[in-house]
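Summary of the model geometry
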Amino acid sequence: MTDFANKTVWITGASSGIGEALAYKFSKLGAKLLISSRDETRLNEVRAACDNPLLHHVVPMDLERYRDLDAVAEETWKEYGPIDVLINNAGVSQRYRVDEGEIELDEKIMNINFLGTIALTRPVLRKMLERQSGHIAVVSSVLGLFGIQSRSAYCASKHALRGYFESLRNELSGSKIDLTMIYPGYVKTNVSRNAITVGGRNYGVTDKQHSTAMSSEDSAEKIVAAIKRKKPILIFGGTREMASVYLSKNAPSVFRFLSSRIKV
C-alpha cells in the first residue's frame, strides 16, 4: 500500500502528540481518517484542523475498557467501511518505582497499553483477513527493547506488544496483511505530563528528555514513510536512545552498568 488517497486510516491516541501529527500527515495524503482517544472535544479540534475535515470521523473510546472494544471495532467497520490501515498509537507511561507502586497501577498500564491494543486489533484483523488487504502498525517504544528504572510496568507493556505482534507476524505469513512495529525514542509529546505516578495521579511535568526531543511532526514523517514502504520494523530516536538500543543488544553488561546510573 503506497498510495493513501481514499484509504481509511484509523489512528488511536490521536488527540495529541504523535497520533495528532499522524492525523495531519495522512489527511494531507488524501486518506480518510478515523481518530480515537478518550478526549472527544480534543478529537473534534484535531479533525477540524485536518485537510478535508468532512472526510474524517471521530471515534471516542477508552482502551482501558478493553472488553468493549470488540463491539466498538465492529460498529466502526460497519458504519465507516473497510479499514485499510490501523495505527495502534495510544498509551500511557509511568513515573514510579516498583517498591512505591501498587498492582492496580501496573494493571491500569497493562490494560491500556497491551490489552486495549490487542483487543482493538483482533476484530479489525479478522475483517482484514476476510478481504486479504490491510496494514497494522503498532507504535511501541525503544523501552520495548530494554528496560529502565521507574518504568517497570510501561516497559513490560511494550515488551508484551513486541512478543504478541511478532508472533502475529508469523501467523500472517502468506497473507496480504502487512505489519509494522515502531519503536520511537524520546519525542516531544505530553507523555511524561500524563504519566501515572504513585496514587494514580498524573506526573504533570514535561521531562527534559521530552522537551528537547524530536518533534511529533518529524516522528510522524518517519512512521508514514515506514508504513508506505511496508517496513516490518522502524526504530528511531536521538543519540542516547539509539546508543541504548545498540548496547542493550550487543554489550548488555555495559548497558546494565550505564543504565542503572542514569537519573530518570
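Coordinates for the structure precede this section.
Since the structure is predicted, the reported quantities are computational estimates derived from the model, not experimental observations.

Quick word on helix 1 (residues 17–28)
Under the 1.5 Å per step criterion, the end-to-end length of helix 1 is 17 Å for 12 residues, consistent within 8% with the ideal 16 Å. The element helix 1 is largely enclosed, with a buried count of nine among its 12 residues. Regarding helix 1, the residues found buried are G17, I18, G19, E20, A21, L22, A23, F26 and S27. On its buried face, helix 1 sits against strand 1 (8–12), strand 2 (32–36), helix 2 (40–49), strand 4 (85–88), strand 7 (187–188) and helix 7 (216–228). G30, located one to two residues past helix 1, shows a positive phi value of around 90 degrees.

Quick notes on the side chain of E241
Position of E241 relative to the elements: it lies in helix 8 (residues 239–250). From its side chain, E241 meets the backbone nitrogen of Y186 in a polar contact 2.8 Å long. Excluding anything up to four places from it in sequence, E241 contacts V142, G185 and Y186.

Considerations on helix 7
Turn by turn, an α-helix covers 3.6 residues, leaving residues three or four places apart pointing in a common direction. In this model helix 7 runs 18 Å from its N-terminal to its C-terminal C-alpha over 13 residues, within 8% of the 18 Å that 1.5 Å per residue would give. For helix 7, the full list of buried residues reads S216, S219, A220, I223, V224, A226 and I227. All buried residues of helix 7 fall inside an arc of 160 degrees around its axis, so they share one side.

As for the packing of aromatic side chains
For the structure shown, the criterion picks out four aromatic pairs. Centroid distance F4 to F26: 5.0 Å. Interplanar angle 90 degrees. Geometry classified as edge-to-face. You can see F4 sitting in the segment before strand 1 and its partner F26 sitting in helix 1, a full 22 residues away along the chain. A centroid spacing of 5.7 Å and a plane angle of 80 degrees characterise the contact between F114 and Y164, whose relative ring orientation is edge-to-face. Of this pair, F114 sits in helix 4 (residues 103–131) while Y164 is found in helix 5 (residues 152–171), placing the two residues 50 residues apart along the sequence.

Structural notes on unusual backbone geometry
Backbone geometry at N52 places phi at a positive 50 degrees, although glycine is not the residue there. Looking at the element boundaries, N52 is found in the loop between helix 2 and strand 3 (57–58). Residue S150 is not a glycine yet carries a positive backbone phi of 70 degrees. Take S150: its relative accessible area is 17%, and that puts it in the buried class.

Looking at the nonpolar core
The tendency in soluble globular proteins is for nonpolar side chains to be buried side by side. By size, the foremost hydrophobic cluster in this structure holds 44 residues, and its most contacted members are W10, V124, M128, F146 and F165. Every element with two or more residues in this core is listed here: helix 3 (69–80), helix 4, strand 5 (134–139), helix 5 and strand 6 (177–184). In terms of residue count, the dominant contributor to this core is helix 4 (10 residues). Dropping the residues within four chain positions of it, F146 is found in contact with C155, H159, S244, V245, S248 and F255. If you look at the next biggest cluster of nonpolar residues, it comprises 29 residues, including I87, V139, V187 and A220.

What to know about the pattern of salt bridges
Inspection of every chain in the model, using the stated rule, returns 11 salt bridges. E20 is paired through a salt bridge with R42; the nearest N and O atoms lie 2.8 Å apart. You can see E20 sitting in helix 1 and its partner R42 sitting in helix 2, a full 22 residues away along the chain. For R42, the salt bridge goes to E45, with nearest N and O atoms at 3.0 Å. In this pair, R42 and E45 both sit in helix 2, three residues apart, roughly one turn of the helix.

Description of a nonpolar patch on the surface
A surface patch of nonpolar side chains, about 210 Å² in accessible area, is lined by I233, I235 and M242. You can see I235 is positioned in strand 9 (residues 233–236).

A word on the pairing of strand 1
Judged by how many residues are buried, strand 1 sits mostly within the fold: five of five residues are covered. Taking every second residue as pointing to the same face, both faces of strand 1 are buried, with T8, W10 and T12 on one and V9 and I11 on the other. Judged from the five bridges that link them, strand 1 and strand 2 form a sheet pairing that is parallel. Paired with T12 across the bridge in strand 2 is S36. In the classification by handedness, the crossover that spans strand 1, the intervening helix 1 and the parallel strand 2 is right-handed. Here strand 1 runs beside strand 4; their pairing, made up of three bridges, is parallel. When the sheet's bridge partners are listed, I11 is paired in strand 4 with I87.

Calculation criteria
Residues numbered from 1 in each chain as written. Predicted model: local features only at pLDDT ≥ 70, side-chain atom pairs only at ≥ 80, totals over all residues. Heavy atoms only, no water. Helix = DSSP H or I, 4+ residues; strand = E, 2+ residues; numbered from the N terminus. Expected span 1.5 Å × (residues − 1). Buried < 20%, exposed > 50% of the residue type's maximum accessible area, 1.4 Å probe, protein only. Contact = heavy atoms within 4.5 Å. Polar contact = N/O pair within 3.5 Å; in protein donor to acceptor, adjacent residues only side chain to side chain. Arc of directions from axis to C-beta. Phe/Tyr/Trp six-rings, centres within 6.5 Å; stacked < 30°, edge-to-face > 60°. Core = buried A, V, L, I, M, F, W, Y, C linked by side-chain atoms within 4.5 Å. Salt bridge = Lys/Arg side-chain N within 4 Å of Asp/Glu carboxyl O. Patch = residues over 30% accessible without salt bridge, like charges linked within 9 Å, V, L, I, M, F, W, Y side chains within 5 Å. Areas by Shrake-Rupley, 256 points an atom, 1.4 Å probe, with all protein chains shown as cover. Pairing = 2+ DSSP bridges. Right-handed = clockwise from strand over helix to strand, strands pointing away.

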